[in-house]
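Observations on chain architecture
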Amino acid sequence: MNTWLMKSEPDECGIDDFVAAPDTPIRWDGVRNYQARNFMQQMQLGDQVFLYHSSCKDIGIAGLIRVCRTAYPDPTQFDPESHYHDARSTQDKPRWQAVDLVLEKKFAALLPLEILKQLPELADCPLVKKGNRLSVMPISTTEAAAILAASKE
DNA sequence: GCCAACGTTGGC
DNA sequence: GCCAACGTTGGC
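Here goes a summary of the coordinates provided. Small disclaimer: the values here were computed from a predicted structure and weren't measured.

What counts as what
- Residues numbered from 1 in each chain as written.
- Chains lettered and ligands numbered in written order.
- Predicted model: local features only at pLDDT ≥ 70, side-chain atom pairs only at ≥ 80, totals over all residues.
- Heavy atoms only, no water.
- Near = heavy atom within 4 Å.
- Helix = DSSP H or I, 4+ residues; strand = E, 2+ residues; numbered from the N terminus.
- 1 Å grid on protein atoms, 1.4 Å probe; cavity = no way out; pocket = protein on both sides within 12 Å on 5 of 7 lines; lining within 4 Å.
- Points joined across faces, edges and corners; volume = space filled by probe spheres on them.
- Nonpolar A, V, L, I, M, F, W, Y, C, P; charged D, E, K, R; others polar.
- Polar contact = N/O pair within 3.5 Å; in protein donor to acceptor, adjacent residues only side chain to side chain.
- Phe/Tyr/Trp six-rings, centres within 6.5 Å; stacked < 30°, edge-to-face > 60°.
- Buried < 20%, exposed > 50% of the residue type's maximum accessible area, 1.4 Å probe, protein only.
- Arc of directions from axis to C-beta.
- Contact = heavy atoms within 4.5 Å.
- Core = buried A, V, L, I, M, F, W, Y, C linked by side-chain atoms within 4.5 Å.

1. Description of the protein's contact with DNA strand B
- Around DNA strand B, the neighbouring residues are Asn33, Tyr34, Arg88, Lys130, Gly131 and Arg133.
- Counting only the atoms of DNA strand B that lie within 4 Å of the protein, the sugar and phosphate share comes to 70%.

Below, the structure is given as structure tokens:
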């Protein structure tokens, strides 16, 4: 099993959206970056995902979610009404992928970016690197253990 | 709201 | 294939 981290603005899709419907899969769509997409395609059923809240008041890791459906064509790319519409996509050759996720657990307290930056195990993680915009990234076993220890979960 | 850093686009 | 211009991300 692999571990990942995904960024989201909590206004858009945050941990509380997963808490509100704990048994309902939420489709993670709208990813429009090739590197992030390629990681999504590598996700396997049951993989753990740290959910990171970005561009908001309380920035940091809010909890864990889990992959309950592996990559499939992101329907929003075909929808002219959608903000994520991509005219270059066709049904035969979709450019973008979505996965479905469900709640694993919400952390008792948000693990702030400030703390994440202090963890030596995360020094090489794109998450804490200045200017990094990657929204889906793999998390190593060592990194995952450090995050969980710091979260006291 | 600002702005640095980045990925993507498109002209050449 | 290069690279300037542009739009977006995301912390502060």
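Here the narrative resumes, following the displayed structure.
2. Some remarks on the environment of His83
- Checked against the element boundaries, His83 lands in the loop between strand S4 (60–73) and strand S5 (97–112).
- C-alpha separation for the pair His83 and Leu134, spaced 51 residues apart in sequence, amounts to 20 Å.

3. Observations concerning the layout of surface pockets
- Here the largest pocket defines a volume of roughly 600 Å³.
- Lining the largest pocket are 19 residues; nearest its centre among them are Lys7, Ser8, Gly30, Tyr84 and Ser135.
- Elements with a contribution of two residues or more to the lining of the largest pocket: strand S1 (3–8), helix H1 (10–13) and strand S2 (26–28).
- Counting residues per element, the lining of the largest pocket draws most heavily on S2, which supplies three residues.
- For the lining of the largest pocket, the per-class residue count stands at six nonpolar, six polar and seven charged.

4. Details of the protein's contact with DNA strand C
- What surrounds DNA strand C is the set Lys7, Tyr52, Ser54, Ser55, Ile59, Leu113, Lys117, Asn132 and Arg133.
- Looking at DNA strand C alone, sugar and phosphate atoms form 79% of those within 4 Å of the protein.
- Contact between DNA strand C and Ser55: a phosphate oxygen at 3.1 Å from a main-chain N or O atom of the residue.
- At 2.6 Å, a side-chain N or O of Lys117 approaches a phosphate oxygen of DNA strand C.
- The residue makeup of the surface near DNA strand C, split by class, is three nonpolar, three polar and three charged.

5. A short note on the packing of aromatic side chains
- Evaluation of the coordinates by the stated rule reveals three aromatic pairs.
- The interplanar angle of 50 degrees and the centroid separation of 5.9 Å between the aromatic rings of Trp4 and Phe39 together place this pair among those described as tilted. On the criterion of sequence distance, the pair formed by Trp4 in strand S1 and Phe39 in helix H3 (residues 34–42) is long-range, its members being 35 residues apart.
- Ring geometry for Tyr34 against Trp96: centres 4.7 Å apart, planes inclined by 35 degrees, an arrangement best described as tilted.

6. Focus on H3
- Those residues of H3 that fall on the buried side of the exposure criterion are Ala36, Arg37, Phe39 and Met40. Summarising the axial view, the buried residues of H3 lie within an arc of 160 degrees, below the 170-degree limit, and thus occupy one face.
- Buried residues along H3 sit in contact with S1, S2, S4, S5 and strand S6 (136–139).
- Two or three places before Gln35, at the start of H3, stands the capping residue Asn33, its side-chain oxygen 3.0 Å from that residue's backbone nitrogen.

7. Some thoughts on the nonpolar core
- Among the nonpolar cores identified, the biggest contains 42 residues, and Met6, Phe18, Trp28, Phe50, Ile61, Leu101 and Leu116 are the most heavily contacted of them.
- For Trp28, the contacting residues outside a window of four places in its chain are Met6, Lys7, Ser8, Cys13, Phe18, Met40, Leu51, Ile65, Gln97, Ala98, Val99 and Leu101.

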